[in-house]
Amino acid sequence: MAGIDSSKISPTNPFEKSGSTAGMLQAAIAELDPAQAARWRVATGGSLSVATMAELQGGEELSAAAQADLWAHDPEFVAEFQQQ
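Report on the accompanying structure. (Residues numbered from 1 in each chain as written. Predicted model: local features only at pLDDT ≥ 70, side-chain atom pairs only at ≥ 80, totals over all residues. Heavy atoms only, no water.)

**What to know about the overall build of the protein**
Next up, step 1: The secondary structure content of the protein amounts to five helices and zero strands.
Next up, step 2: Shown N-terminal to C-terminal, the secondary structure of the protein runs as helices and strands in the order α-α-α-α-α.
Next up, step 3: Projecting the C-alpha coordinates of the protein onto the three principal axes gives extents of approximately 50 × 25 × 20 Å.
Next up, step 4: Burial statistics for the protein: of 84 residues in total, 31% are counted as buried.
Next up, step 5: Residue pairs at least 24 apart in sequence account for 41% of intrachain contacts in the protein once pairs closer than 6 positions are excluded.
Next up, step 6: Total accessible area computed for the protein in this model is approximately 5700 Å², and 54% of it derives from carbon and sulfur atoms.
Next up, step 7: Looking at charge distribution, the protein has the averaged site of its 4 positive side-chain charges lying 15 Å from that of its 11 negative ones. (Helix = DSSP H or I, 4+ residues; strand = E, 2+ residues; numbered from the N terminus. Buried < 20%, exposed > 50% of the residue type's maximum accessible area, 1.4 Å probe, protein only. Contact = heavy atoms within 4.5 Å. Areas by Shrake-Rupley, 256 points an atom, 1.4 Å probe, with all protein chains shown as cover. Lys, Arg positive; Asp, Glu negative; His and termini not counted. Charge placed at Lys NZ, Arg CZ, Asp CG, Glu CD.)

Structure, rendered in structure tokens:
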């Protein structure tokens with residue numbers, strides 16, 4: 001990847017790391033494979049917000065914030081969206 005020193009990359013979940021190299025890897029993964037990015041975010045302790053869960057239970061159309069939260073933390077949501 002352009003701009004990343006390959007000696008700083010390790011075969012671990014980049015969402016467990018911080019810093020500019022980790023940030024670039026996280027952004028690249030989120031763009032190339034958003035479902036994997038969601039799985040890795042959840043693996044590091046990320047989860048849907050209480051507000052998103054409340055919207056899901058409410059049955060109404062989801063807000064943009066709830067959809068973004070699902071995109072970031074629900075690989076099944078991402079897969080379903082990509083299939084459509």
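**So, the packing of helix H2 (residues 34-43) against helix H4 (residues 64-73)**
Next up, step 1: Running from N to C, H2 and H4 point in directions that differ by 85°, and their axes come no closer than 6 Å. Judged by the angle between their axes, H2 and H4 are roughly perpendicular. Judged by residue contacts, Pro34, Ala38, Arg41 and Val42 of H2 engage Trp71, Ala72 and His73 from H4.
Next up, step 2: Here the contact of H2 with H4 is built from residues that sort into five nonpolar, one polar and one charged. (Axes fitted to C-alpha atoms, helices over the stretch in contact; angles between N-to-C directions. Parallel < 35°, antiparallel > 145°, perpendicular 65-115°, else oblique. Nonpolar A, V, L, I, M, F, W, Y, C, P; charged D, E, K, R; others polar.)

**What to know about the packing of aromatic side chains**
Next up, step 1: Per the stated rule, a full pass over the model turns up one aromatic pair.
Next up, step 2: A ring pair is formed by Trp71 and Phe81, whose centres lie 5.4 Å apart and whose planes are at 90°; its orientation type is edge-to-face. Remark: Phe81 occurs in helix H5 (residues 75-83) and Trp71 occurs in helix H4; sequence separation between them is 10 residues.
Next up, step 3: You can call Trp71 partly exposed: its relative accessible area is 29%. (Phe/Tyr/Trp six-rings, centres within 6.5 Å; stacked < 30°, edge-to-face > 60°.)

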